[in-house]
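Reading the structure
Residues per chain, in single letters:
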Amino acid sequence: PSEEYELLRRRIFSNTKELWYYANSELQSLEKEADNGDRIAKIRKNIGEHYMSLLKDVTNLAEIDGHSQWRQQESENLSNLVQKRLKHLQNPFDCAKARKLVCDLNKGCGYGCQLHHVVYCFIVAYATERTLILRSKGWRYSKGGWQDVFLPLSDTCLLPNGETTNRWPGHRNTQVITLPIIDSINPRPPFLPLALPEDLAPRLNILHGDPVVWWIGQFLKYMLRPQPATSNKLNEYAKKVNFQKPIVGVHIRRTDKVGTEAAFHKLDEYMIHVEEYYKYKELSDKVDKKRVYLATDEPKLFSEAKRKYPEYEIIGDEDISKTASISKRYSDQSLSGIITDIHFLSLSDYLVCTFSSQVCRVAYEIMNSLHPDASTMYTSLDDIYYYGGQKRRLHTAVLPHRANGPHEINLQVGDDIAIAGNHWDGYSKGTNLRTKESGLYPTFKVSPKIETARFASYPDVTL
Ligand code: GDP
């Protein structure tokens, strides 16, 4: 398929959703106010059926005429290329002379946050063609370090020594450069997320609905190659809980996150989307059993889910969630729990979670390394996808908009808007970079904009 075709198809898909978000949210509030609430509820239900049917048809459009096979092949080719470049980068011919970038695993935060920290280091390493040296001894999750659970990032080069060492940015000929966390990198290079490498961006933009997620997923794919003991544990666990498809992954982040970095959401708010997924699925397949893989740091949710949703098989582990509390969090046991939860969330057919949590974003990124394009296989109850420390995410207006009231903004075709969020009611919030106005605008009047930067392009590494 051509780029034009794929962008248009994806636009129809996402605007079908936006139309539903709009109608659903408006009708829901009418239902509560109006005398004829029952009639409105019925209309809302019928529109819901129209919506599902449209969504299914556009989804099928992505599959037919060999497009699905093409996407599979293109994704494999691109992934093989990136993985080969990473392997080449990480296994220099002579480690003693190699240019290196040194990064500390132990950022003072949770596992998801630390993985994102390593991905950021790895992206800088890739862009500047330096071997990434990960310092991980004394890791708060496992004292022995990264290699307690994952394969080392290199077979040949793990030591940070060199003739000259400097803090970022150093010089091209400084042998070893040490990197601070993304929040304090200065100067900020242009290749940080959400930027895509110039040489791959045109292909990624045809392949994927949110190419930067695919890009991040490739770094995780390389990093998270498990040690044999880790993969044995995951396989045994899959057998123990009888992990089977169809299954929807639900991540519910509570405890220390609620009220500080995220709002509280009831179990039912997640389950509405799980129900919707299965209704959608039943349009084309017979669903024998509705399953949920539940991951959470709130142990009480397991009994609540089983009590309130008896028609579901709830897979997951209360014992694991007990290792997630802040007092137990930084231990080997907790590490094995979070690795397990993220693994099975990413293997699910669909994800329902809050993108404010790095656990949920990591699972989604890994999911996108397992499918050619899993950019539509999720519902986030709060944020749109972002990368911590990113510069911005842009929309470009493709239809003009006249503000209806003071909380909306005007758009001219071609305007760039820095997105603050999607309100999942047909509107997004953002700042028009031309007028500097901030406020709401209808999401269907814009398209996502991809930003690119120059990265090292590895001309010697070919498939
Ligand atoms: P965030 O705080 O949710 O953005 O994610 P982080 O990964 O940075 O920190 C949260 C930490 O809490 C995780 O790394 C885990 O150690 C623990 N945690 C949170 N949610 C879960 C969960 O669903 N399962 C398990 N096993 N641990 C969790």
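Residues numbered from 1 in each chain as written. Predicted model: local features only at pLDDT ≥ 70, side-chain atom pairs only at ≥ 80, totals over all residues. Heavy atoms only, no water.

**Examining the packing of helix 7 (residues 228-241) against helix 11 (residues 332-347)**
- Where helix 7 meets helix 11, the closest approach of the two axes is 11 Å, and the angle between their N-to-C directions is 65°. Of the two possible hands of crossing, helix 7 and helix 11 adopt the one that is right-handed. Counting all contacts with helix 7, which are made through Thr 230, Lys 233, Leu 234, Tyr 237 and Ala 238, the residues of helix 11 involved are Ser 336, Ile 339, Thr 340, His 343 and Phe 344.
- Its residues assigned to classes, the contact of helix 7 with helix 11 comprises 5 nonpolar, 4 polar and 1 charged. (Axes fitted to C-alpha atoms, helices over the stretch in contact; angles between N-to-C directions. Helix = DSSP H or I, 4+ residues; strand = E, 2+ residues; numbered from the N terminus. Left-handed = near helix turned anticlockwise from the far one by under 90°. Contact = heavy atoms within 4.5 Å. Nonpolar A, V, L, I, M, F, W, Y, C, P; charged D, E, K, R; others polar.)

**Some remarks on the site of the ligand**
- The local shell around the ligand holds 21 residues, among which Gly 112, Arg 253, Lys 257, Asp 341 and Ser 357 are the closest.
- In the model, an oxygen atom of the ligand is placed 2.7 Å from a nitrogen or oxygen of the Gly 112 main chain.
- The contact in question runs from an oxygen atom of the ligand to an N or O atom on the side chain of Tyr 141, over 2.8 Å.
- Those elements that provide at least two residues to the shell around the ligand are helix 4 (111-128), strand 7 (290-296), helix 11 and helix 12 (358-370).
- Looking at side-chain class alone, the shell around the ligand contains 8 nonpolar, 8 polar and 5 charged residues. (Near = heavy atom within 4 Å. Polar contact = N/O pair within 3.5 Å; in protein donor to acceptor, adjacent residues only side chain to side chain.)

**Quick look at a nonpolar patch on the surface**
- Side chains of Tyr 5, Leu 61 and Ile 64 sit close together on the surface and give an oily, nonpolar patch of about 240 Å² of accessible area.
- Relative to the helices and strands, Ile 64 resides in the loop between helix 2 (37-63) and helix 3 (67-90). (Patch = residues over 30% accessible without salt bridge, like charges linked within 9 Å, V, L, I, M, F, W, Y side chains within 5 Å. Areas by Shrake-Rupley, 256 points an atom, 1.4 Å probe, with all protein chains shown as cover. Salt bridge = Lys/Arg side-chain N within 4 Å of Asp/Glu carboxyl O.)

**What to know about the side chain of Ser 380**
- When you line up the elements, Ser 380 lands in strand 10 (residues 378-380).
- Polar side-chain contacts of Ser 380 include one of 3.3 Å to the backbone nitrogen of Asp 382.
- Within the structure, Ser 380 has its side chain in polar contact with the backbone oxygen of Asp 383 (distance 2.7 Å).
- Beyond its immediate stretch of four places on either side in the chain, Ser 380 contacts Cys 353, Thr 354, Phe 355 and Trp 424.

**A look at the pattern of salt bridges**
- Considering all chains together, one arrives at 27 salt bridges under this definition.
- We note a salt bridge from Glu 6 to Arg 71, for which the minimum N-O separation is 3.0 Å. On the criterion of sequence distance, the pair formed by Glu 6 in helix 1 (residues 3-33) and Arg 71 in helix 3 is long-range, its members being 65 residues apart. Each member of the pair, Glu 6 as well as Arg 71, carries the same accessibility label: buried.
- A salt bridge links Arg 434 to Asp 415, with the shortest nitrogen-to-oxygen separation between them at 2.7 Å. Within this pair, whereas Arg 434 is found in the loop between strand 13 (427-432) and strand 14 (438-442), its partner Asp 415 is found in the loop between strand 11 (394-397) and strand 12 (416-422), the two being separated by 19 residues in sequence. (Buried < 20%, exposed > 50% of the residue type's maximum accessible area, 1.4 Å probe, protein only.)

**Digging into the pairing of strand 14**
- With 4 of 5 residues buried, strand 14 lies mostly within the body of the structure.
- Bridge count for strand 13 against strand 14 is 5 bridges, and the pairing is antiparallel. The residue of strand 14 that forms the bridge with Ser 428 is Tyr 441. (Pairing = 2+ DSSP bridges.)

**A word on the sheet that holds strand 7**
- Strand order in this open sheet of 5 strands is 8-7-6-9-10, and the pairing throughout is parallel. Since the sheet does not close on itself, it has two edges, and those belong to strand 8 (312-316) and strand 10, each with one partner. Each neighbouring strand pair of the sheet contributes to a mean axis angle of 20°, computed without reference to strand direction.
- Relative to strand 9 (residues 350-353), strand 6 (residues 248-252) runs parallel, the two being bridged by 3 bridges. In the strand pairing of strand 9, Val 248 is matched with Tyr 350.

**Some details on helix 4**
- Compared with the 26 Å implied by 1.5 Å per residue over 18 residues, the 26 Å span of helix 4 between its first and last C-alpha is a close match.
- Counting buried positions over the 18 residues of helix 4 gives 18, a clear majority of the element.
- Note on helix 4: the residue one or two positions beyond its end, Glu 129, has a positive phi of about 55°. (Expected span 1.5 Å × (residues − 1).)

**Digging into the packing of helix 3 against helix 6 (residues 211-223)**
- For the pair helix 3 and helix 6, the least separation of the axes is 10 Å and the interaxial angle reads 50°. Compared by their axis directions, helix 3 and helix 6 come out oblique. The interaxial crossing formed by helix 3 with helix 6 has right-handed handedness. Contact residues: helix 3 offers Ser 75, Leu 78, Ser 79, Val 82, Gln 83, Leu 86, Lys 87 and Gln 90, while helix 6 offers Trp 214, Trp 215, Gln 218, Phe 219, Lys 221 and Tyr 222.
- Tallied by class, the residues present in the contact of helix 3 with helix 6 amount to 7 nonpolar, 5 polar and 2 charged. (Parallel < 35°, antiparallel > 145°, perpendicular 65-115°, else oblique.)

**Remarks on the packing of aromatic side chains**
- Counted according to the given criterion, the structure contains 31 aromatic pairs.
- Within the aromatic cluster, the residues linked to one another by ring pairs are Phe 122, Tyr 126, Phe 191, Trp 215, Phe 219, Tyr 222, Phe 455 and Tyr 458.
- When the ring centre of Tyr 386 is taken as reference, the NZ or CZ atom of Arg 361 above it lies at 3.9 Å. (Phe/Tyr/Trp six-rings, centres within 6.5 Å; stacked < 30°, edge-to-face > 60°. Lys NZ or Arg CZ within 6 Å of the ring centre and 35° of its normal.)

**So, the state of the cysteines**
- This model, assessed by the stated rule, comprises 4 disulfides.
- Going through the protein in sequence order and numbering each bonded cysteine, the pairs you get are 1-6, 2-5, 3-4, 7-8. (Disulfide = S-S within 2.5 Å.)

**What to know about the environment of Lys 266**
- With respect to the helices and strands, the residue Lys 266 is situated in the loop between strand 6 and helix 8 (267-282).
- On the accessibility criterion, Lys 266 (48% relative accessible area) is partly exposed.
- Counting along the chain gives 35 residues from Lys 266 to Leu 301, while the straight-line C-alpha distance between them is 9.9 Å.

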